[in-house]
Amino acid sequence: MKHLASMVWSCLFGFGLATLASSAYAQTASSSRSVKSAEQPLGAQELSIAERVHVGHLPCELGASVRMTADKKTPGYFNLQGKGYKYRMKPVPTSTGAIRLEDEKAGAVWLQLANKSMLMDQKNGRRLADECAHPDQVAFANDMKVNPPPALIDVSNTAASDQR
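Note that the structure is a prediction, hence the values are computed from the model and not measured.

(A) Inspection of the environment of Gln122 at higher detail. Tracing the backbone shows Gln122 in the loop between strand 7 (117–121) and strand 8 (126–132). On a C-alpha basis, the gap between Gln122 and Val109 in space is 7.1 Å, while along the polypeptide they are 13 residues apart. Setting aside residues up to four positions removed in sequence, Gln122 forms contacts with Arg100, Gly107 and Val109.

The following block contains the structure:
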């Protein structure tokens, strides 16, 4: 009987230790997951880009729309969602001056130009949204129609020199 009580006690005590160890492992795994998924603070260049990102409801072509919201808890990060997708975006410097946001995991890229924005799915090589425009971009596009920028290639001079 004493032996049976000893076995029961060991089983219960062993089960308690196993449960405790399992709980500690779960907490450690959970905290290491949150460390891995924690977003790194952005540098000055990325934060400067983030200040110029248009936020709010942006209508796009063909009746589509997206909503861009800045994350108040993590400066420089944005949430972009539309019909059937949601992305976590962060600024990426470019050599062209265009504003570029990326969700690296999902392969999504948001390009914001002076007159329009577009959302690309790099993994599948397609556009998810095009001709998206904030009111500031609409105003810029309208101004371009009234006051077109100079042509990159002046065809009138080329045609005149060809006739000589």
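(B) Broad picture of the environment of Asn142. Within the fold, Asn142 resides in helix 3 (residues 135–146). Taking relative accessible area as the criterion, Asn142 reaches 40% and is therefore assigned partly exposed. Note: C-alpha distance between Asn142 and Asn115 (27 residues apart in sequence) is 8.6 Å.

(C) Representation of the state of the cysteines within the structure. Evaluated as defined, the whole model comprises one disulfide. The partner cysteine of Cys60 in its disulfide is Cys132, sulfur to sulfur 2.0 Å. Looking along the S-S bond of the Cys60-Cys132 disulfide, the torsion reads about 100°, which is the right-handed sense. Placement of Cys60 in the loop between strand 1 (56–59) and strand 2 (65–70) and of Cys132 in strand 8 is noted, with a sequence separation of 72 residues between them. The buried category is assigned to Cys60, whose relative accessible area is 10%.

Calculation criteria
Residues numbered from 1 in each chain as written. Predicted model: local features only at pLDDT ≥ 70, side-chain atom pairs only at ≥ 80, totals over all residues. Heavy atoms only, no water. Helix = DSSP H or I, 4+ residues; strand = E, 2+ residues; numbered from the N terminus. Contact = heavy atoms within 4.5 Å. Buried < 20%, exposed > 50% of the residue type's maximum accessible area, 1.4 Å probe, protein only. Disulfide = S-S within 2.5 Å.

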